[in-house]
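# Structural characterization, general
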Amino acid sequence: MKITNDICYVGVNDHKVDLFEGQYVVPNGMSYNSYVIMDEKIAVMDTVDRNFTHEWLDNLGAVLENRKPDYLIIQHMEPDHSANIANFMKTYPEATIVSSAKAFVMMNNFFGTDFSDRRIVVGEGDTLTLGKHTLTFVTAPMVHWPEVIVTYDSTDKVLFSADGFGKFGALDVEEDWACEARRYYIGIVGKYGAQVQALLKKAATLDISIICPLHGPVLTENLGYYLNLYNTWSSYATESDGVVIAYTSVYGNTAKAVELLAEKLKEKNCPKVVVHDLARTDMAEAVEDAFRYGRIVLATTTYNADIFPFMKEFIHHLTERNFQNKTVALIENGSWAPLAAKTMKTMLSGCKNLTFTNITVKIMSALNKDSSAQLDALADELCKDYLAQQNSTADKNDMSALFKIGYGLYVVTSNDGKKDNGLIVNTVSQLTDSPKRVAVTINKLNYSHHVIKQTGIMNVNCLSVDAPFSVFENFGFQSGRNVDKFASFTPLRSDNGLVFLPKYINAFMSLKVEQYIDMDTHGMFICSVTEARVLSDKDTMTYTYYQNEVKPKPDTGNKKGFVCKVCGYVYEGDELPEDFICPLCKHGVADFEPIA
């Protein structure tokens, strides 16, 4: 299979394997990918599983057409990719192996030799010229082994991504990419989100047209889709709205409670309800869904003064993969001394940014009036924001939304008649209670100022502490005049027709401009409140919280000058002009500080 004029696929499909890595069910098999770059010098990218030695060498020979390869580049030493290194070197004894220092240590462990007389050790930024193709090596430690490198071909703009962007399934079977790629990523790479994030930042500096992974299809179109999913997965963000219920049940009473809760969630417009009986489901599927959705209900029995074994195993799978950034609800069952909720909460105590619901359901053997009422309350709590998002079920006069205003950070949304726009501000304040009046101050340089002055309406979205830095990058560091800031959002609209954010907010208010005050560089809009909804009880994102917990530390390196405290922009120079405006976030010199 030709990928470009000079790059060919020589991998194999495996339909004999039933469990990948001895634990993951692969009904559609696996692919073990290998590639050849044909140039003045020839480079082979990785080998395949030991069960396909001759098939792979035959594929390789057909592409080479009596030429001999000069290099074997090994990006990853797992045996499904490295098993045929020794066989390759016997077949092509004049070839040189190119890999990382750690990989050669592993080769010695696997094969009893590190090929010291026929090797090139490469590290971050090293290059290898084949002729017209120049390969640049990028280290990717713990994605998901410590020796991993990925390789970039600047001529054809191809990223050979090792296990990154891989998926379960052979290449001769058509199936949805995301489902099996998600299960593959979370099961195998999921623990190493920080390392994947570091690799994505490196990849962002490259001009990539094609991604060639070691498992799964070559990716040639809509690469932003795959990159965005990897960013979501590796940052442990919520990919899909909905609730996952994972449960175990001995005599069926916990199962009945789960069935009832699922019905109640659906009645309250929960966008997706996924239920897993942990004794019967594919554990990897359940783990995948736990990371995919933003909310999870764990329901189990007390068992030998502990919890049921399948639930214990499930929680271990979550914690060892750095489970975080979720809302968790607990349902426990016990006939005389229920301990399950306490045990589960203790097991999850090391996870970051988990929000436990106020309601914990306690069942004493079987559902009764009290525990059924607790299920009702839990469904209300889990669906509070979903109910508020729907026009038919929202309380549109919940003025407690005004209590969410503080010295916080907000997304002000507007519409210029052609597209929706959004802007980060930190200058929202309530002026009066009767009538309800709110002031919003916006820099005149911002496109939103121009739009709101023309239209006279806006929505103020109160950001909550779960908002990731990507929200601030999207709404704060680019202009709505040139960019569609809602291109990746499914629009939700208030009664005034404007967008409100589907997540990362705890409330929003629709405002009508009653008065405008010119404040030189800024304009203040005095507004009445036409609609107000509360979506969650999460704390409001304050400016301090953003600075300390959300904004990445700026990479000032050896630079001299001043750094913006809002977005991290670095101004290099001995003096900062008094009228300087940050080109990213539009803040003035008051929000800059000298680089230490």
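Read on for a plain summary of the structure.

What counts, and at which threshold
- Residues numbered from 1 in each chain as written.
- Predicted model: local features only at pLDDT ≥ 70, side-chain atom pairs only at ≥ 80, totals over all residues.
- Heavy atoms only, no water.
- Pairing = 2+ DSSP bridges.
- Helix = DSSP H or I, 4+ residues; strand = E, 2+ residues; numbered from the N terminus.
- Axes fitted to C-alpha atoms, helices over the stretch in contact; angles between N-to-C directions.
- Left-handed = near helix turned anticlockwise from the far one by under 90°.
- Contact = heavy atoms within 4.5 Å.
- Nonpolar A, V, L, I, M, F, W, Y, C, P; charged D, E, K, R; others polar.
- Buried < 20%, exposed > 50% of the residue type's maximum accessible area, 1.4 Å probe, protein only.
- 1 Å grid on protein atoms, 1.4 Å probe; cavity = no way out; pocket = protein on both sides within 12 Å on 5 of 7 lines; lining within 4 Å.
- Points joined across faces, edges and corners; volume = space filled by probe spheres on them.
- Polar contact = N/O pair within 3.5 Å; in protein donor to acceptor, adjacent residues only side chain to side chain.

### Comments concerning the sheet that holds strand β34 (residues 592–594)
Two strands in a sheet stick together by hydrogen bonds in their backbones, pointing the same way (parallel) or opposite ways (antiparallel). Read across the open sheet, the three strands follow the order β33-β32-β34; overall the sheet is antiparallel. Only two strands of the sheet have a single partner each, and these edge strands are β33 (570–572) and β34. Going from strand to strand, the sheet's axes swing by 25° on average, the running direction of each strand aside. Where strand β32 (residues 561–564) lies against β33, three bridges are found, and the strand directions are antiparallel. If you follow G561 over to β33, its bridge partner there is E572.

### Let's talk about the packing of helix α5 (residues 177–189) against helix α7 (residues 223–234)
Put simply, α5 and α7 touch, their axes get as near as 11 Å, and they point 35° apart. In this structure, α5 meets α7 at a crossing whose hand is right-handed. Between α5 and α7, the contacting residues are W177, A178, A181, R182 and Y185 on the first element and Y225, Y226, L229, Y230, W233 and S234 on the second. A per-class count over the contact of α5 with α7 returns nine nonpolar, one polar and one charged.

### Quick look at the environment of L214
Position of L214 among the secondary structure elements: in the loop between β15 (210–212) and α7. C-alpha separation for the pair L214 and H76, spaced 138 residues apart in sequence, amounts to 9.1 Å.

### With respect to α5
With respect to burial, α5 is a largely interior element, twelve of its 13 residues being buried. For α5, the full list of buried residues reads W177, A178, E180, A181, R182, R183, Y184, Y185, I186, G187, I188 and V189. Packing partners of the buried residues in α5 comprise β3 (19–20), β4 (24–25), α6 (193–203), α7 and α9 (283–292).

### Quick look at empty space enclosed by the protein
Scanning the entire structure with this criterion turns up two cavities of 30 Å³ or more. In this structure, the largest cavity occupies an estimated 120 Å³ of space. Lining the largest cavity we find 13 residues, and of these L159, S161, F165, L199 and A203 sit closest to its centre. Top element by residues in the lining of the largest cavity is α6. It accounts for four residues. In this structure, the second largest cavity encloses a volume near 40 Å³. I186, T232, W233, Y236, A237 and F291 together form the lining of the second largest cavity.

### Notes on the side chain of T151
If you trace the backbone, T151 turns up in strand β13 (residues 149–153). The buried category is assigned to T151, whose relative accessible area is 0%. Within the structure, the side chain of T151 is placed 3.0 Å from the side chain of Q75, a separation counted as a polar contact. Beyond its immediate chain neighbours, meaning those up to four positions away, T151 contacts M45, I73, Q75, L135, T136, F137, V158, L159 and F160.

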